[in-house]
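Observations on the three-dimensional arrangement
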Amino acid sequence: MALFRALFLALLAGAQAELPGCKIRITSKALELVKQEGLRFLEQELETITIPDLRGREGYFYYNISEVTVTELQLTSSELHFQPEQELMLQITNSSLGLRFRRQLLYWFLKVYQFLSTFITSGMRFLLNQQICPVLYHAGTVLLNSLLDTVPVRSSVDELVGIDYSLLKDPAASDSNLDMEFRGAFFPLAESNWSLPNRAVEPQLREEERMVYVAFSEFFFDSAMESYFRVGALKLSLVGNKVPHDLDMLLRATYFGSIVLLSPAVIDSPLKLELRVLAPPRCTIKPSGSTVSVTASVTIALVPPDQPEVQLSSMTMDTRLSAKVALRGKALRIQLDLRRFRIYSNQSALESLALIPLQAPLKTMLQIGVMPMLNERMWRGVQIPLPEGINFVREVVTNHAGFLTIGADLHFAKGLREVIEKNRPAATRDTWASSAPPPAA
């Protein structure tokens, strides 16, 4: 009975677990770059430490060591690697430190140089331990966290839609990589609590040749299109001179009989062509490529001034767009191309036959007038969850069944210190030592 109950609870937990729409893998190849930039930052932080004066008396010996400054710091031997259950481990050994200071010594007997040397070295080591440990603690917990705060978790894409990159569970570290799972879901800004159920294939990451890999499922793209559909953004209306001249003439000739029968007085009124998506578009990702399927209504009408519009025809349009995904910097961009186009009447098969002459000019209108506007908006892209100052370079996109992966290397567009200084918490600029652990930590 206990075994059955445990099995039931396990199945229930699995059924309730949310699938990720986006995954990111950081491989061990990225650690050398991260280590070099991180150690450079630590060296800069340690060179700015303030060391208090050391003064006192030991028997007949009086000492005063002041104006201590760090002149050189070398972290010559270090290793950064993944460690299960601890994510990352940084080990620094055989480091050297150069100091400049002013000393005043008074003593009443000779042959004490060895004693003084040992005493000064021990004292300076004690002072450095008092300062270096808090600096390392602060750099690791406060300053680097300020860098991680620049990662977009839940932010707006534009004035209509936002994206949620919430981490679904703790990162999983192995000996060779660090895997992270994100919700990867778009949402209408006016309905921030709405979410599309994720029934897509879970993206998989198996490669380790590049510094970083990002995977997106069909759900990631479907949630974007569903969000824009919900806010009413997937529609287009062309009126008057916005309709291409050749298409205007063809439509008027095609529906001349209907115009004469319905309302001959408005025959010279401006023409209106309206496209409205009927259902949320859907993305399909296959090894051969990615496509987007769209079903929309096409309404043709005349709009006489100060009068109700006169509808001439209403038809349905099925289109299939090829989608080319690219990653530039931190922006995921998509370029669409019209591949399949078909229109048919909602009224009768006979009317569908009459619409055949309109297919070519309508398709041309979409390719010339609509697709460039759509691609201009799509090319702005959406940001990938990556800290400020770090970009992707040398990207390679690979399609799979139900998801795609992008392998890339990392590049620091800004120095780590520059980014941290920009985002350093103001309240901690001068008071960090008060929150640091004791030097022995």
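Before going into details, it helps to say that this report is about the structure given with it. In this text the structure is predicted, and so the values were computed from the model without any measurement. Residue indices follow the written sequence of each chain, beginning from 1 at its first position. Whole-chain, interface and lining totals are the exception, using all residues; otherwise, since this is a predicted model, local features are given only for residues with pLDDT of at least 70 and side-chain atom pairs are given and counted only at 80 or more. Side-chain metrics rest on all non-hydrogen atoms present in the structure, leaving aside hydrogens and water.

1. Comments concerning the pattern of salt bridges
Whenever Lys or Arg places a side-chain nitrogen within 4 Å of a carboxyl oxygen from Asp or Glu, that contact is recorded as a salt bridge. Scanning the entire structure with this criterion turns up 20 salt bridges. For R183, the salt bridge goes to D164, with nearest N and O atoms at 3.0 Å. In this pair, R183 is assigned in the loop between β10 (177-182) and β11 (185-188) and D164 in strand β8 (residues 161-164), connecting sequence segments 19 residues apart. Only protein chains enter the accessibility calculation, which uses a 1.4 Å probe; a residue is then buried when its area is under 20% of its type maximum, exposed when over 50%, and partly exposed in between. Taking the relative accessible area as the measure of exposure, R183 reaches 22% and is therefore partly exposed. Between R339 and D337 there is a salt bridge whose closest N-O contact spans 3.3 Å. According to the relative accessible area criterion, D337 is partly exposed, its value standing at 32%. By sharing partners, the salt bridges in this structure join E18, R154, D164 and R183 into a single network. Comment: elements are numbered from the N terminus, with helices defined as DSSP H or I runs of at least four residues and strands as E runs of at least two.

2. Focus on helix α5 (residues 245-254)
Of all the residues in α5, the buried ones are L247, D248 and L251. Axial view of α5: buried residues confined to an arc of 105°, hence all on one face. Every exposed residue of α5 that faces more than 90 degrees away from the buried side is listed here: H245, D246 and A253. Residue contacts are defined here by distance: any two heavy atoms, one from each residue, within 4.5 Å place the two residues in contact. Along its buried surface, α5 packs onto β14 (271-277), β16 (289-302) and α8 (356-378). Think of it as the arc spanned by the lines of direction from the helix axis to the C-beta atoms.

3. A short note on the pairing of strand β17 (residues 310-328)
Along β17, 15 of the 19 residues are buried, which leaves the element largely enclosed by surrounding structure. Should DSSP find at least two bridges between two strands, the strands are regarded as paired. Sheet analysis places β16 next to β17, joined by 13 bridges and oriented antiparallel. If you follow S290 over to β17, its bridge partner there is A323. Bridging between β17 and strand β18 (residues 331-345) involves 14 bridges; their strand directions are antiparallel. Pairing of R328 across the sheet is with A331, part of β18. Between β17 and β18, which pair antiparallel one after the other, the connecting turn spans two residues, and G329 there sits at a positive phi close to 70°.

4. A word on the sheet that holds strand β20 (residues 390-399)
Pairing in this open sheet of six strands is antiparallel, and the strands run β9-β10-β1-β12-β21-β20 from one edge to the other. Pairing within the sheet leaves two strands with one partner each, and these edge strands are β9 (172-173) and β20. As paired elements, strand β1 (residues 22-27) and strand β12 (residues 212-217) share five bridges and run antiparallel to each other. By the bridge assignment, C22 is partnered in β12 with F216. Contacts between helix α2 (residues 31-46) and the sheet are confined to β1 and β21 (403-412), with β21 contributing the most and set at about 35° to the helix. Packing against the sheet, helix α4 (residues 218-230) makes contact with β12 and β21, and its axis sits at approximately 55° to β12. For helices, the axis comes from a line fit to the C-alpha atoms of the stretch in contact; other axes are also lines fit to C-alpha atoms, and the angle between any two N-to-C directions lies between 0 and 180 degrees.

5. With respect to the sheet that holds β11
Strand order in this open sheet of three strands is β7-β8-β11, and the pairing throughout is antiparallel. The open sheet is flanked by β7 (154-156) and β11, the only strands paired with a single partner. When the angles between neighbouring strand axes are averaged without regard to direction, this sheet yields 25°. Pairing geometry for β7 and β8, over three bridges, is antiparallel. Among the inter-strand pairings, R154 is bridged to a residue of β8, identified as D164. Where α4 meets the sheet, its contacts fall on β8 and β11, and the angle it forms with β11 comes to roughly 5°.

6. Comments concerning the nonpolar core
In plain words, nonpolar cores are sets of buried Ala, Val, Leu, Ile, Met, Phe, Trp, Tyr and Cys residues tied together by side-chain atoms within 4.5 Å. Among the nonpolar cores identified, the biggest contains 68 residues, and F216, F221 and L332 are the most heavily contacted of them. At eight residues, β17 tops the list of elements feeding residues into this core. The residues touching L332, leaving out its near neighbours within four places in the chain, are F216, F220, F221, V325, A326, L327, G381, V382, I384 and I406. Ranked by size, the runner-up nonpolar core spans eight residues in total, among them L46, I49, Y63 and V68.

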